[in-house]
Amino acid sequence: MSDIKTEVARRRTFAIISHPDAGKTTLTEKLLLYGGALQLAGSVTARKNQSSSASDWMELERKRGISVSSTVLQFDYEGHRINLLDTPGHKDFSEDTYRVLTAVDAAVMVIDAGKGIEPQTLKLFEVCRLRGIPILTFMNKLDRETRDLLELLDELENQLQLHPYPVNWPMGVGQRFKGVYDRVTKQAHMFERTVRGAYKAPVQVAGIDDPAVKEALDEDSYHHFVEQVHLLEAAGAGFDAADALKGGTTPVYFGSAVNNFGVQMLLDALLQHAPAPAARSSTAGLIQPDRESFSGFVFKIQANMDPKHRDRVAFVRVVSGKFTRDLTVTHSRTGKSFRLANAHKIFGRDREIIEEAYAGDVIGLVGYSDFGIGDTLSEDPKVVYDEIPRFAPECFARISNPNPAKYKPFAKGLEQLLREGVVRALTPRDMGDSKTTLLAAVGPLQFEVAQFRLQSEYGVDSRLEPMAWTLARWVGPNTKPGAVDAVALPMQSARVKDEEGSEMILFPTPWSLQYLSEKHPEIELLRLPPAKTK
């Protein structure tokens, strides 16, 4: 038992959230570099169509230079086991992004210091807040011209209602950016740039009044830097570690991921300020991570990661106990017993067989076709988790097979993508053309991913017809019986059912949603699906 407790205490499981182009994938690479998982930072040595970052595996990702799917990256650092869950970084993301946030204990929020908080950052932050996930903030791209730094901190406070505490402060910005000052140790860390940022940046550490610090900066930058540090100290606000663990305070770190400035300080901060795995709610009550019996839940399904094998991987977040190879567990949805003989650690396209894992770790179970997103695997059948949220889709399209001769592979491929949750299928009240399927997604890129994978993995073409709806709401349980039947929906709105049979209404504009809400308060409209009835 003490062995489990020790292993859990050294786990740190987190995801990086950001708006596109804020530097998330670059920061991921650099954390791997400083964590010893990479000898050379892949993303910055990449050349077009030659190589890609270590965390991206899908051909579409390599072609487009973006992260579409989420990958799990694990490495050891300073006696800790780090699980970094890489999330999609494109503006058109899917529920896959949201699901990853159910499997982490903390998040690093990357902000472009030249732009501040952007829409996708805000969207992902709201999911973190919903789940009470503590957040560390990395103000990136200090090697470029930035917005006023104090203004950026105010934005965190005002827009996100987070209390920001700058743990370090940049020494100059843009071309004058030389390093960061650690407000805790009172030491200035001055970095040297390396060629394309491929190796760790050499660093010199000195006190703020040391001549080396004054020499590193021009006179104006030095005086401005010292003035701002004194201003922060005069403000007198201390760092509230307990509030940070609750998600109220965010420790803020400044740096440049592309140049490796400030990356190690962020990595060290994760060990200090990100929590170890905590207890989670289940049908059997609160389950502690050091509980002896194994339990976990599936938060992601990915098929065909290895084109040679056409396999299927169920990613499981371990919640309690110790996983060992060949462990027998109960599958919550079917009640069947399974021996987990084929568990892997997945690093991009690379795999390694896992012999053991503990709470906080993520294991990839290969070849179990019965496992679906949200399923619980546990040694104790009474333990069932309900961790996977569903969010209202914002994009809709009809997909059809233009080649009747390819009916079977088209149907098989589409069924697999729906099981993975790449896209969702809705059933219109008026079925219309039975040869088409109505798809829904959080972002339109997911339709492109679905078409790409149908072609590359199943050899079938598809025809996609975008639909005009932009909003979806579930009809809530407090709606009077027959109320929806009795009203005329706004123009171009439609009634559908989701995969679980819950009724939804699709709207073409925010105005049409508002109109129905105001005119017919007897119809309850929900952003999230109604709670399942037992």
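Since we're looking at a predicted model, the values are computed, not measured. (Residues numbered from 1 in each chain as written. Predicted model: local features only at pLDDT ≥ 70, side-chain atom pairs only at ≥ 80, totals over all residues. Heavy atoms only, no water.)

Undergrad: Summarise the pattern of salt bridges; cite the residues concerned and give the values.
TA: On inspection of all chains with the given rule, the structure shows 28 salt bridges. One salt bridge connects Asp 105 with Arg 317, and the closest N-O pair in it is separated by 3.3 Å. Here Asp 105 is found in the loop between helix H5 (95-100) and strand S4 (106-112), whereas its partner Arg 317 is found in strand S15 (residues 312-320), with 212 residues between them in sequence. Here Arg 317 falls in the buried class, since its relative accessible area comes to 1%. A salt bridge links Asp 326 to Arg 339, with the nearest nitrogen and oxygen atoms 2.6 Å apart. Of this pair, Asp 326 sits in the loop between strand S16 (322-324) and strand S17 (327-331) while Arg 339 sits in strand S18 (residues 337-340); the two residues are 13 residues apart in sequence, bridging distant segments of the chain. (Salt bridge = Lys/Arg side-chain N within 4 Å of Asp/Glu carboxyl O. Helix = DSSP H or I, 4+ residues; strand = E, 2+ residues; numbered from the N terminus. Buried < 20%, exposed > 50% of the residue type's maximum accessible area, 1.4 Å probe, protein only.)

Undergrad: So what's going on with the sheet that holds strand S8 (residues 179-182)? Which residues, and what values?
TA: Pairing within the open sheet is antiparallel, and its four strands lie in the order S7-S8-S9-S10. The open sheet has two edge strands with one neighbour each: strand S7 (168-171) and strand S10 (203-207). Each strand axis lies, on average, 25° off the axis of its neighbour in the sheet, ignoring direction. One ladder, built from five bridges, connects strand S9 (residues 187-191) with S10; its direction is antiparallel. What sits directly across from Phe 191, in S10, is Val 203. (Pairing = 2+ DSSP bridges. Axes fitted to C-alpha atoms, helices over the stretch in contact; angles between N-to-C directions.)

Undergrad: Tell me about the sheet that holds strand S28 (residues 471-475), and please be specific about residues and values.
TA: Pairing within the open sheet is antiparallel, and its eight strands lie in the order S27-S24-S26-S25-S29-S30-S28-S31. Because the sheet does not close on itself, it has two edges, and the strands there are strand S27 (463-466) and strand S31 (525-526). Bridge count between strand S24 (residues 395-400) and strand S26 (residues 436-441): six bridges; the pairing is antiparallel. What sits directly across from Cys 395, in S26, is Ala 441.

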